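Descriptive analysis of the structure
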There are 2 protein chains.
Amino acid sequence: MSERKFRYVGTRPIRHDGIDKVTGRATFGADFKLPGMLWGRVLRSPHAHARILSIDTSKAAALPGVKAVVVGADLPEMPPGGETDMHDLTRNILAREKVLYDGHAIAAVAATTRSIADAALELIDVRYELLDPVLDLDRAIAPDAPILHSELRCEGSDPKPQGPTNVAQRVEIVRGDAAATFAQCDVVVEREFTTPTVHQGYIEPFACVARSTEDDQTLVWCCTQGPFMIRAMCARLLGLEVSKIKVIPSEIGGGFGGKTTLYLEPLAIWLSRKSGRPVKMVMSRPEVFRATGPASATRTRVKIGATRDGKIQAATATLEYEAGAFKGSPVVAGAMSMFTMYDIPHAKIEGYDILTNKPKVAAYRAPGAPMSTFASESAIDEIAAKLGMDPIDFRLKNAVREGSTALYGQRFKSIGLIECLESLKKHPHYAAPLAQGQGRGIACGFWFNGNQQSSASVHLNEDGTATVISGCPDIGGSRASLALMAAEELGIPSERIRPIVADTETVGYNDGTGGSRVTFATGTAVIEASRDIVKQLRTRAAALWSCDVEKVGWEDGRALPLEAGEGRVPMTVAQLARRMARTGGPIVGRATWMARGNGPSFAAHLADVEVDRETGCVKVVRYTTSQDAGKAIHPSYVEGQLQGGAVQGIGWALNEAYHYDAKGTLQNPGFLDYRMPVASDLPMIDTIVVEVPNPHHPYGVRGVGETSIVPPLAAVANAMHAATGIRFTDLPMSPPVVLEALEKRGARG
Amino acid sequence: MSERKFRYVGTRPIRHDGIDKVTGRATFGADFKLPGMLWGRVLRSPHAHARILSIDTSKAAALPGVKAVVVGADLPEMPPGGETDMHDLTRNILAREKVLYDGHAIAAVAATTRSIADAALELIDVRYELLDPVLDLDRAIAPDAPILHSELRCEGSDPKPQGPTNVAQRVEIVRGDAAATFAQCDVVVEREFTTPTVHQGYIEPFACVARSTEDDQTLVWCCTQGPFMIRAMCARLLGLEVSKIKVIPSEIGGGFGGKTTLYLEPLAIWLSRKSGRPVKMVMSRPEVFRATGPASATRTRVKIGATRDGKIQAATATLEYEAGAFKGSPVVAGAMSMFTMYDIPHAKIEGYDILTNKPKVAAYRAPGAPMSTFASESAIDEIAAKLGMDPIDFRLKNAVREGSTALYGQRFKSIGLIECLESLKKHPHYAAPLAQGQGRGIACGFWFNGNQQSSASVHLNEDGTATVISGCPDIGGSRASLALMAAEELGIPSERIRPIVADTETVGYNDGTGGSRVTFATGTAVIEASRDIVKQLRTRAAALWSCDVEKVGWEDGRALPLEAGEGRVPMTVAQLARRMARTGGPIVGRATWMARGNGPSFAAHLADVEVDRETGCVKVVRYTTSQDAGKAIHPSYVEGQLQGGAVQGIGWALNEAYHYDAKGTLQNPGFLDYRMPVASDLPMIDTIVVEVPNPHHPYGVRGVGETSIVPPLAAVANAMHAATGIRFTDLPMSPPVVLEALEKRGARG
């Protein structure tokens, strides 16, 4: 496979949606309008934890211009359980018995203008019984903790606890006997790490327009990573048939996992059903911060032991992840991913999913992994230092390779961690001198990469151009990469291919854009659909040449006669396309699959930091990422993924955090106070794209979107240790935190 | 096939698009808007025939608010020839050297408002050299006729004439020796018939919105019968790749063949390219009448001879059809269809395609057939009367049946003409007494029915509902009929199926809605795509049952185990759909084909008329149609087609006609003066749906949309003869014409 010569794959054509995006013409969630459209707005809880005694919407409903009001009790009740707990989901969308976080939706209003809708919200009278909020892990697990859900029992514990709890789940991964092994280790490091609640910080707030007709035919325009998820969830939440709902995904201004769930769409549909009018809903930035799923705040206790020869012998960890108001933190993925870079003979990991009075967490790029890896890669750094080993050499010595078996059970085929580490070691960055006060850190990361279902169609046009239809919203340049794969198979330039993200009606089922799955899974579907086209083109050529299809070859976009004969000259795609009608009609290729084999992805990051000792401000002065892409279809977008993940990880490391007051009110629901890195904060992020082909993809692709956010937290913290001698264990390493640490050390030192 | 028991086919569910249409929510051509949209308007020629000396658009371009102006010379020049003559087409869209009819487009302007665009048109200075107009057939073929196109030479004549001419084509169909056979006939009738220029009279004027971006990505929203035709023609006319153009067909407010070509779309695209803004264009009703293709005015001389035993022995005809300003009348179809109801041993038909200074004709429901059939079925009526035979018996004696060969060469498989005639004969209408002054007429009709290319996809949803994707605009209820066919194959109610008319990007290539082809051709594709789904469902069931797929049966929407085994219980579509992800991923069915075998369609119509002898006003008092549908998928929409065709034919017979003055200016470009029948003019049109299955369709479907307009012209004329004793040979039989004829007969009689 690595021998294959590519003609189009690996080139960097301008993306098909590029001009629309740079001119501002591309239409995002809030850009859609329908005639007679109403504005929907949401009343949100000012309390973090309270029982709802009553909701009186009569005054709001009577306000001129108000066309519909909906409260939780209006929506169908849902049974608990299942892969997605609908009982929880319907309550997260509109609170019923209790409000569970600051910003929790209580009622929705549709009115002729946005200001009337806002005025109506003011007229809704909610009576609460205030309850103590649970705002951190210690409080959540305390014996006298206020209980969020009285019916909740902890899953995965043995014996199953009887009483109410805020601990929704316990998971455990065990190999060998770690506890016994530590005694045989020459070096053991044990530390506790915490990370705060952070938000994906996508630029585009949630937005949608919904229209439901008298016969329940329902149109939803929205920005989402998963239009088929929106369709399925709305159908279930509202008791509609799937075929009644059409979801048109808009362009998406960032998602990062945060747009794999839904908040507004069922409300907009319900308001439309009640009012008989289309309803538009757009969140404000404070609503996004207060009420859409951020990433878990976490606490991870990690212990790693190694022998003098530099081999890790044992590792244990205890992970506590905040789920927010409803169960379902990514603690399982956090537990499964944290030690996966290394062959460790003895290990035990425990994880806990813990409820707090914060918004229900959502996926955020490699969900769960950056936090636990922050702990494990910080500890690895410390061990390497204690052993006096170069941190890359130490990692290389323990790195997983083909044939290694991860703690969670997967036996790896070809993987690229060693290649990533070696590429960093050889990179000029690693040998570059550091200025006074600077420090350099390294960390690795791993992500599973998702599979799930994909469908794709390819339509050959009569002039030999083609259309590629997929159903996964294009977040990271997937139109370009899908077109390149079709180009490679069809042998025509990607400029002659139009890649389309279709709505849920006009393409087969597709799981969402997430799990770094699209280029791998949908890409494979596109390749298969293109091969389906080529197969049909060979059949058409065979008919024209009056020969058997086995006597028609295919190369570089041309059918080739394998046996000489009258009129048998090579024919291009365009020549065959022009003869479609005469040779049997239109040519449509299609493929569907339940993807398998999205290759595990590894990365290694190198960070140089400089600390301002007067202000505590940390500046990343140089940063290099190396990651295995399997095969980079469009290298620019692979590099973009590597850079973007690094930047988000740097933000997580240095500045980002939710700040709640004692009552549980979010204090910084805006980009002024929730400090994300901007371009001027950062150096150019250098990228090394390693290509160790994934044997499960025709070209060797493995997903690249998520692994890139896993190493930076530890890479920056390790660099901070190098720069300051201080082991930072609690994120963010924001100026006040750093300043305090420096002062403490100064006082001590 | 006729034995097959249908569960859903043949039922009459509410159409899926019904509520949208009765509530006014459905979006038609003029209902689309884009931000920043301009209005495009067209300057049209006030002259029927003139040379363009110069066009000065500078004042128009300078008018504030005007963003772009386009004239013919701006568009790429096109080579002559080919199936669609692009050299002609580009000149019909915007005149170049000459204007050729009243209303011919000369220039187009895009401005910020419609009124500014209209004002700009007034500022365009066109200098003309006026030429004599050619307004009828006699003038067109006169030796000294003004010549519309100096380079035109008559095709199909032998020897080929050397000089310029207005006769674009001669066609001939010959069997045996008709001239010699007339001498052996006992009765010979010879007459000349004329029909005027008429318009399809669709309710919705042409309308479109186009947007072209900096990289030529082009969106066209428009009302059309052929979105892929619009795409192909715009690509060729403007030099774009097909993959750059996306055509979204709106709902369509009638087409009847008139919307199988294009007028505005290339102008809107070009104006958008020049202005950088979206451009909307909507024709006014006068523009529709003046400048969109009506049906040919015709003159047909027919001669039929029969022997005393009631057998037709010979027939000849000469057809002259007006093409309008550019070649291409439907004279070939007129010639091929006129005698096809009968087995005639000796025949000769000549046809001429003749240019006049009127708008280029377009297709109109069974294009060409109603006019020539008016002649032949009038003559048949006269012969039957002369032989003293019942007109149905006479027709039955000569009617084609399975095994007959049409003059144009097709050997018929099973056809339903005899069944249609017999059903009329048995119908109470045929025996019902007539009041004083009333008359009854009968006539038959034939239409070939088209084939062309169709693609369809069916997507199975995870809850067992399904989506049917086709690419033919729904004019006559095709969503409902396609859904019913999918329902029949999948074994689920059509209410659980969502039928979609997709845009040109999201479905495989489809020729347009026309030729009565959609239920047949696209229907077959939908059936095949549904069977593709069933095949996959059987494979999934086989996997679940650990058995060979051959051991999985299918019946009534359920997979059935053909051999007993553990867990092998019948599974419904919904049960299998819920397991899609686990059993291999999404299920998409697709089919494409170059259709063959749309069954020939025959009809027989019975009309009772009553003549007001004071006003000459003719009232149709009873009307019964009988037509072979092969198999009626949704009987209500079959009946609707039969009724609609009859009504349009009645209008053609009694009232409709273009009136030009001597200069060639259309005098009645509006519905007040162009008199179409409305509901209050008509009785209920009774329908008899005959079902003689078409062996080339899985259910026996044959197209029904067009044949229904073929018989009424003669049926009404024959009824008029019965009522008045006058043989009307020139349409329309409008009150002044009828009054004059009555008066003449009164004077004579």
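For clarity, every value in this text was computed on a predicted model and none was experimentally measured.

1. Overview of the overall build of chain A
Helix and strand counts for chain A come out as 21 helices and 26 strands. For chain A, the C-alpha radius of gyration of 27 Å lies close to 27 Å, the compact-globule estimate for 749 residues. Overall size of chain A, expressed as C-alpha extent along the three principal axes, is 90 × 75 × 50 Å. Put simply, chain A has 749 residues, and 64% of those count as buried. Accessible surface, chain A: about 25,900 Å² in total, of which carbon and sulfur atoms supply 51%. Each charge sign in chain A was given a centre, from 82 positive and 83 negative side chains, and these centres are 3 Å apart.

2. Some words on the pattern of salt bridges
All names here are of chain A. Under the defined criterion, the tally for this structure stands at 108 salt bridges over all chains. Residues Asp608 and Arg440 are paired through a salt bridge, measuring 2.7 Å at the closest nitrogen-oxygen approach. Taken as a pair, Asp608 in strand S24 (residues 601-611) and Arg440 in strand S16 (residues 438-447) lie far apart in primary sequence, 168 residues in all. Pair check on accessibility: Asp608 and Arg440 agree, each one buried. Linking Glu563 and Lys551 is a salt bridge whose minimum nitrogen-to-oxygen distance equals 3.5 Å. Pair noted here: Glu563 is in the loop between strand S21 (558-561) and strand S22 (571-572) and Lys551 is in the loop between helix H16 (518-545) and strand S20 (552-555), with a separation of twelve residues, a long-range link. Classification of Glu563 as partly exposed rests on a relative accessible area of 40%.

3. Details of the relation of the copies chain A and chain B
The transformation that overlays chain A on chain B combines an axial shift of 0.0 Å with a rotation of 180°, and the residual RMSD is 0.0 Å. The operation mapping one copy onto its partner corresponds to a two-fold rotation axis. Scanning chain A for the C-alpha nearest the rotation axis identifies Thr506 of chain A, at a separation of 3.0 Å. Here 100% of the contact residues of chain A are again contact residues in chain B; the copies associate through an equivalent surface.

4. Comments concerning the domain arrangement of chain A
Residues and elements named next belong to chain A. In terms of domains, chain A is made up of domain 1 (18-25 + 451-595), domain 2 (32-131 + 204-253 + 259-291) and domain 3 (298-449 + 598-745). Of note, the centres of domain 2 and domain 3, computed from C-alpha atoms alone, are 36 Å apart. On the side of domain 3, 18 residues touch domain 2, which itself brings 20 residues to the contact. Three residues, Leu100, Asp102 and Phe289, lead the burial of domain 2 against domain 3; their summed loss comes to 38% of the area buried on that side. For Lys327, the salt bridge goes to Asp85, with nearest N and O atoms at 2.8 Å. Between domain 2 and domain 3 we count seven residue pairs in polar contact (both at pLDDT 80 or more) in total. Looking at the side of domain 2 that touches domain 3, the elements with two or more residues in it are helix H3 (86-93) and helix H9 (285-291).

5. Details of the sheet that holds strand S8 (residues 187-195) of chain A
All names here are of chain A. Overall, mixed pairing links the five strands, which are arranged S7-S15-S14-S13-S8 in an open sheet. A single partner strand is all that each edge strand has here, and the edge strands are strand S7 (167-175) and S8. Pairwise comparison of adjacent strand axes, ignoring direction, gives a mean angle of 5° for this sheet. Pairing between S7 and strand S15 (residues 346-355): eight bridges, direction antiparallel. Looking at the pairing, Val171 lines up with Gly351 of S15.

6. A few points about the packing of helix H7 (residues 227-238) of chain B against helix H8 (residues 265-275) of chain B
All names here are of chain B. It is the contact of H7 with H8, at a shortest axis distance of 10 Å, that shows an interaxial angle of 55°. Taken together, the axes of H7 and H8 lie oblique to each other. The way H7 lies across H8 gives a crossing that is right-handed. Side by side, H7 and H8 meet where Ile230, Cys234, Leu237 and Leu238 of the first sit next to Glu265, Pro266, Ile269, Trp270 and Arg273 of the second. A per-class count over the contact of H7 with H8 returns seven nonpolar, no polar and two charged.

7. Examining the sheet that holds strand S2 (residues 50-56) of chain A
Strand order across the open sheet formed by three strands is S4-S2-S6 (chain A), with antiparallel pairing between neighbours. Taken across any chain shown, the strands that pair with only one partner, and hence form the sheet edges, are strand S4 (98-99) and strand S6 (125-130) of chain A.

8. Re the packing of helix H11 (residues 369-386) of chain B against helix H20 (residues 712-724) of chain B
Residue and element names in this part refer to chain B. The interhelical angle for the contact between H11 and H20, taken along N-to-C directions, is 35°, at an axis separation of 7 Å. The hand of the H11/H20 crossing is right-handed. On H20, the residues touching Pro370, Met371, Thr373, Phe374, Glu377, Ser378 and Asp381 of H11 are Leu713, Ala714, Ala717 and Asn718. Taken together, the residues of the contact of H11 with H20 sort by class into six nonpolar, three polar and two charged.

9. As for the pairing of strand S13 (residues 298-306) of chain B
Residues and elements named next belong to chain B. With seven of its nine residues buried, S13 lies for the most part within the structure. Here nine bridges tie strand S8 (residues 187-195) to S13, and the two strands are oriented antiparallel to one another. From the neighbouring strand, Thr194 faces S13, where its bridge partner is Arg299. Here S13 runs beside strand S14 (residues 312-324); their pairing, made up of nine bridges, is antiparallel. In the sheet register, Ile304 faces S14, and the bridge partner there is Ala315. The loop that links S13 with its antiparallel partner S14 comprises five residues; one of these, Gly310, has a positive phi angle of about 85°.

10. What to know about the packing of aromatic side chains
All names here are of chain A. Summed over all chains, the structure comprises 40 aromatic pairs over all chains. An aromatic cluster is present here, built from Tyr408, Phe412, Phe446, Trp447, Phe448 and Phe602 joined pairwise through their rings. Sitting above the plane of the Phe182 ring, Lys303 keeps its charged end 4.4 Å from the centroid.

Conventions adopted
- Each residue is numbered by its place in its chain's sequence as written, counting from 1.
- To read the labels, note that chains go from A and ligands from 1, taken in the order they are written.
- Only residues with pLDDT of at least 70 get local features here, since the model is predicted, and only at 80 or more are side-chain atom pairs given and counted; chain-wide, interface and lining totals rely on the full set of residues.
- For the side-chain quantities, the full set of heavy atoms in the structure was used; hydrogens and water were omitted.
- In this text, helices come from DSSP runs of H or I with a minimum length of four residues, and strands from runs of E with a minimum of two, each type numbered from the N-terminal end.
- Each radius of gyration reported is based on C-alpha atoms, and the globular scaling rule is 2.2 Å times the count of residues to the power 0.38.
- Accessibility here uses a 1.4 Å probe with only protein chains present; expressed as a share of the type maximum, an area under 20% marks a residue as buried, one over 50% as exposed, and anything in between as partly exposed.
- Values of accessible area rely on a 1.4 Å probe in the Shrake-Rupley scheme; residue burial ignores everything except the protein chains shown.
- In this charge count, Lys and Arg are treated as positive and Asp and Glu as negative; neither His nor the chain ends contribute.
- Think of each charge as sitting on NZ of Lys, CZ of Arg, CG of Asp or CD of Glu.
- Any Lys or Arg side-chain nitrogen located within 4 Å of an Asp or Glu carboxyl oxygen qualifies as a salt bridge.
- The least-squares superposition of copies is restricted to C-alpha atoms, and to residues with a pLDDT of at least 70 in both copies.
- Here a residue-residue contact requires only that any non-hydrogen atoms of the pair lie within 4.5 Å.
- Boundaries of every domain are those given by an automatic assignment or by a domain database.
- The term buried area denotes the loss of accessible surface (1.4 Å probe radius) that occurs when two parts are joined, taken as the sum for both partners.
- We call two N or O atoms a polar contact when they sit within 3.5 Å, provided that within protein one can donate a hydrogen and the other can accept it, with sequence-adjacent residues counted only if both atoms are side-chain atoms.
- Strands were regarded as paired on the criterion that DSSP finds at least two bridges between them.
- Note on method: axes are straight lines fitted to C-alpha atoms, helices fitted across the in-contact stretch only, with angles between N-to-C directions ranging 0 to 180 degrees.
- Note on terminology: angles under 35 degrees are roughly parallel, angles over 145 are roughly antiparallel, angles of 65 to 115 are roughly perpendicular, and the others are oblique.
- With the far helix as reference, a near helix turned anticlockwise by less than a right angle produces a left-handed crossing, and one turned clockwise produces a right-handed crossing.
- When residues are sorted by character, Ala, Val, Leu, Ile, Met, Phe, Trp, Tyr, Cys and Pro go into the nonpolar class, Asp, Glu, Lys and Arg into the charged class, and all the rest, Gly among them, into the polar class.
- Pairing of aromatic side chains here covers Phe, Tyr and the six-membered ring of Trp, requires ring centres within 6.5 Å, and sorts the geometry by plane angle: under 30 degrees stacked, over 60 edge-to-face, intermediate tilted.
- Definition used: whenever NZ (Lys) or CZ (Arg) falls within 6 Å of the ring centre and also within 35 degrees of the ring normal, the charge is taken to sit over that ring.

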